[in-house]
Amino acid sequence: MSNFLGSHAINMDAKGRLAIPARVREELAHVCGGRIVLTANADEERCLLMYPEPQWEALRPQIEALPNMNKAARRLQRLLLGHATPLELDSAGRILVPPTLRSYARLEKKLMLIGQGKKLELWSEERWFAWLDESSDEDEMPAAMEALSL
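Note that the structure is predicted; figures quoted are calculated from it, not measured.

(A) How the structure looks around the UniProt feature "domain: SpoVT-AbrB" (unreviewed entry) in the chain. UniProt marks residues 7–55 and 84–127 with the feature "domain: SpoVT-AbrB" (unreviewed entry), using the numbering shown here. Helix makes up 29% of residues 7–55 and strand 39%, whereas the separation of the span's terminal C-alpha atoms amounts to 20 Å. Segment residues 84–127 splits into 20% helix and 41% strand. End C-alpha atoms: 22 Å apart.

(B) Summary view of the sheet that holds strand S4 (residues 48–52). One open sheet accounts for six strands, arranged S1-S7-S8-S4-S3-S5; its pairing is antiparallel. A single partner strand is all that each edge strand has here, and the edge strands are strand S1 (7–11) and strand S5 (85–88). When strand polarity is set aside, the average angle formed by the axes of neighbouring strands in this sheet is 30°. With five bridges connecting them, strand S3 (residues 35–40) and S4 associate as antiparallel partners. Considered in S4, the bridge of Thr39 is made with Leu49.

(C) Focus on the nonpolar core. Counting residues in hydrophobic clusters, the biggest one holds 28 residues, and the most contacted among them are Leu18, Ile20, Leu48, Ile95, Val97 and Leu122. Those elements giving two or more residues to this core turn out to be helix H1 (22–32), S3, S4, helix H4 (99–104), strand S7 (110–115) and strand S8 (120–124). Among all residues touching Val97, those that are not within four sequence positions of it are Met12, Gly16, Leu18, Leu38, Leu48, Arg102, Leu107 and Leu122. Of all hydrophobic cores here, the second largest spans six residues; its members include Val37, Leu49, Trp56 and Leu80.

The rules we used
Residues numbered from 1 in each chain as written. Predicted model: local features only at pLDDT ≥ 70, side-chain atom pairs only at ≥ 80, totals over all residues. Heavy atoms only, no water. UniProt positions renumbered as here; feature names shortened; annotations may be inferred. Helix = DSSP H or I, 4+ residues; strand = E, 2+ residues; numbered from the N terminus. Pairing = 2+ DSSP bridges. Axes fitted to C-alpha atoms, helices over the stretch in contact; angles between N-to-C directions. Core = buried A, V, L, I, M, F, W, Y, C linked by side-chain atoms within 4.5 Å. Buried < 20%, exposed > 50% of the residue type's maximum accessible area, 1.4 Å probe, protein only. Contact = heavy atoms within 4.5 Å.

Right under this line is the structure:
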């Protein structure tokens, strides 16, 4: 069971390579031997989702089973499956983000890697901080969140 927590400011070089922080790299080595799948987030937020390979392989059949005659389901399939890129950390703990995914998420040099428990999100630093500053007053709170005590 993966346990990705915390936020990490990282840099991407001009070729699209980025070094995974040591703590995250150790967890990835433990849960998936450094094999991950990087894909587009289907939300309007335009970040990337990073799954350990076993986590992705458990999720993939659920995505594939969605009814592709439904427009929203087809969009989700096209984004998640169509952008899914298997990657493996190199000996220096780096990955190469494909140009299509860099473009989709508008990634430049400064990035944020955000732990989400079983997966990670990869954001442009600028977009991450803009998202944090956005007002969420218009968002409807699910009932499960209303009962949550932090």
